[in-house]
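Descriptive structure summary
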Amino acid sequence: MKIYNVCVIGATGTVGQMFVKLLENHPWFKLTRLFASRDSAFQTYQSAMQNKWRQTTPIPAEFAQIEVEVIDKNFVKGDLNIVFSALDSSVAEDIEPYLAALGLAVFSNAAAYRNHQHVPIIIPEINPHHFEAIRSQEFDPSNKGFIVTNPNCTLQAAALPLFPLLKLGAIDKVIVTSMQALSGAGYPGVPSLDIIGNVIPYIAQNEESKIADELHKIFGVFDKKTKVFDDYGFSVSASCNRVPVLNGHTLSVNFSICNDTPIELFEIDIIDLWENFTPDLGLPSAQKPVIYMKESNRPQPLLDQMAGNGMTVSIGNLRRCNVLDWKFTSLLNNTVRGAAGGSMLNAELWVQKFDQ
Ligand SMILES: NC(=O)c1ccc[n+]([C@@H]2O[C@H](COP(=O)([O-])OP(=O)(O)OC[C@H]3O[C@@H](n4cnc5c(N)ncnc54)[C@H](OP(=O)(O)O)[C@@H]3O)[C@@H](O)[C@H]2O)c1
């Protein structure tokens, strides 16, 4: 297997440092360069991360002495193949197309291009065929560079449990209520006096509409002829809340299924679909995408955020709903599966299936 030289842009933030942690000993990716703002550049990563490294394990020794570079349009591609972007959206908007134009494969966590007509939002277990869209991108005249995104940090906690249920019929309506952790706001994030002992019923502008828009795009198809995404047409209503939890986004999800020939459904039918949802991706970061927890007080962020090394969505408490058909609780590690780990899985999929 060819080794790919990779860099992280936005390497000093919450998601950036998760990339650095996950790239230690990666069998296909060699992390060679790290980028951030001018405030963090011109010093070693170790020094830039003093008081900012929030992981429970030390900075991997092989990366600690890398000198942090400024990410701007003086960027020199060198022997890089892949860029992992953990930049704020406003910065990503300007720089990611520039990097794609240099022929680089850009895997982004930022929202800036998720709505672009030819930029896919990939979850490998759900819509790997959306990689087809990168052929229509026009960032790089030589057609080598591209941008691929992963979804908003809460979304996979709804998308991965709902996807296997499509075998039961079309999903008709979904209501999502999120309880989002502090790490989702980046570092240093929400002031402690605003959040300790509190719940804030607001995350950011468009956070709720992003959940609907991105679910529609991910569950839809990319039409190779017309080169547009044909969205999946179900109703989604999202309510997003910030809660005083360090890491791990919890969702309450209610849904109804529309079936031409209604059959009586039992809890075990749905749980069986989750237990048998075991796509064999054969990728280094892949884990079982969902697990169902039988204890009625699970999942909980404190106990379950590291399921499958942070790559598995934990589901629990499936029960009938008096308004829609069913409801359940799910939990996603927002910095791993919801951010850096999700992006790495996308890059691994591209390497294995599309860059041969
Ligand atoms: N946190 C999550 O759970 C999560 C999940 C999914 C997606 N995301 C998305 O991932 C991205 C990063 O989020 P985060 O939580 O890691 O944010 P963060 O902790 O605030 O980190 C932001 C990073 O961007 C760099 N940066 C900021 N302004 C810059 C500029 N003008 N020029 C160059 N670099 C600049 C920062 O460098 P300095 O340290 O030098 O300022 C830092 O490395 C965002 O787009 C976010 O929406 C986050």
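So, here's what we can say about the structure. (Residues numbered from 1 in each chain as written. Predicted model: local features only at pLDDT ≥ 70, side-chain atom pairs only at ≥ 80, totals over all residues. Heavy atoms only, no water.)

**So, the overall build of the chain**
- From N to C terminus, the chain includes 10 helices and 14 strands.
- Expected size for 356 residues packed as a compact globule is a radius of gyration near 21 Å; at 20 Å, the chain falls within 12% of this value.
- In terms of principal-axis extent, the alpha carbons of the chain reach across some 60 × 55 × 35 Å.
- The long-range fraction of contacts in the chain, counting pairs at least 24 apart against all pairs at least 6 apart in sequence, stands at 76%.
- Carbon and sulfur atoms make up 50% of the accessible area of the chain, which amounts to about 15800 Å² in all. (Helix = DSSP H or I, 4+ residues; strand = E, 2+ residues; numbered from the N terminus. Rg over C-alpha atoms; globule rule 2.2 N^0.38 Å. Contact = heavy atoms within 4.5 Å. Areas by Shrake-Rupley, 256 points an atom, 1.4 Å probe, with all protein chains shown as cover.)

**Digging into the pattern of salt bridges**
- For the structure shown, the criterion picks out 10 salt bridges.
- The residue E69 makes a salt bridge to R33 at a minimum N-O spacing of 2.9 Å. One end of the pair, E69, is in strand β3 (residues 68-70); the other, R33, is in strand β2 (residues 29-36), and 36 residues separate them in sequence.
- According to the relative accessible area criterion, R33 is buried, its value standing at 15%. (Salt bridge = Lys/Arg side-chain N within 4 Å of Asp/Glu carboxyl O. Buried < 20%, exposed > 50% of the residue type's maximum accessible area, 1.4 Å probe, protein only.)

**Overview of a negative patch on the surface**
- Residues D213, D223, D230 and D231 make up a contiguous surface patch of negative charge.
- Locating D213 in the fold gives a position in helix α7 (residues 207-219).
- D213 sits in the partly exposed class, given a relative accessible area of 38%. (Patch = residues over 30% accessible without salt bridge, like charges linked within 9 Å, V, L, I, M, F, W, Y side chains within 5 Å. Lys, Arg positive; Asp, Glu negative; His and termini not counted. Charge placed at Lys NZ, Arg CZ, Asp CG, Glu CD.)

**With respect to the environment of L332**
- Considering the arrangement of structural elements, one finds L332 in strand β14 (residues 326-332).
- Here L332 falls in the buried class, since its relative accessible area comes to 0%.
- The sequence separation of L332 and V313 amounts to 19 residues, and the corresponding C-alpha distance is 5.0 Å.
- Discounting chain neighbours no more than four positions away, the residues touching L332 are C153, T154, Q156, A157, G248, H249, V313, R337 and G338.

**Some thoughts on the packing of aromatic side chains**
- Under the criterion given, the structure shown has 21 aromatic pairs.
- Arranged with centres 6.0 Å apart and planes meeting at 55°, the rings of F107 and W350 form a pair that is tilted. In this pair, F107 is assigned in strand β5 (residues 105-108) and W350 in helix α10 (residues 336-354), connecting sequence segments 243 residues apart. Judged on exposure class, the residue F107 and its partner W350 are both buried.
- Taken together, the aromatic side chains of Y4, F19, F29, F84, F107, F146 and W350 make up a single cluster linked through ring pairs.
- Just above the ring of F75 sits the side chain of R33; from NZ or CZ to the centre is 5.4 Å.
- One Lys or Arg, K217, reaches over the ring of F229 and ends 4.7 Å from the middle of that ring. (Phe/Tyr/Trp six-rings, centres within 6.5 Å; stacked < 30°, edge-to-face > 60°. Lys NZ or Arg CZ within 6 Å of the ring centre and 35° of its normal.)

**A few points about unusual backbone geometry**
- Backbone torsion omega between Y187 and P188 reads 0°, so that peptide bond is classified as cis.
- By the secondary structure assignment, P188 is in the loop between β7 (170-180) and α6 (192-195).
- Even without being a glycine, N25 presents a positive backbone phi close to 60°.
- Relative accessible area serves as the criterion here: at 64%, N25 is assigned to the exposed category.

**Quick word on α7**
- Compared with the 18 Å implied by 1.5 Å per residue over 13 residues, the 19 Å span of α7 between its first and last C-alpha is a close match.
- Taken together, the buried positions of α7 are occupied by E207, I211, A212, E214, L215, H216, K217, I218 and F219.
- Along its buried surface, α7 packs onto α5 (156-162), β7, β8 (221-223), β9 (228-230) and β10 (235-242). (Expected span 1.5 Å × (residues − 1).)

**Points about the pairing of strand β1 (residues 4-9)**
- The element β1 is largely enclosed, with a buried count of six among its six residues.
- Note: β1 against β2, six bridges, orientation parallel. Bridged to Y4 within β2 is F29.
- With helix α1 (residues 14-22) bridging β1 and the parallel β2, this β-α-β connection has right-handed handedness.
- Bridge count for β1 against strand β4 (residues 82-85) is four bridges, and the pairing is parallel. (Pairing = 2+ DSSP bridges. Right-handed = clockwise from strand over helix to strand, strands pointing away.)

**A few points about the sheet that holds β14**
- Ordered in space as β10-β7-β11-β14-β13-β12, the six strands form an open sheet in which the pairing is mixed. Only two strands of the sheet have a single neighbouring strand rather than two, namely β10 and β12 (290-293). The mean angle between the axes of side-by-side strands here comes to 25°, regardless of whether they run parallel or antiparallel.
- Judged from the four bridges that link them, β12 and strand β13 (residues 313-320) form a sheet pairing that is parallel. Following the sheet pairing, I291 is matched in β13 by S314.
- In the packing of α7 onto the sheet, the strands contacted are β7 and β10, and the crossing angle to β10 comes to about 135°.
- Along the sheet face, helix α8 (residues 267-275) touches β11 (249-258), β12, β13 and β14 and points at about 170° away from the line of β13. (Axes fitted to C-alpha atoms, helices over the stretch in contact; angles between N-to-C directions.)

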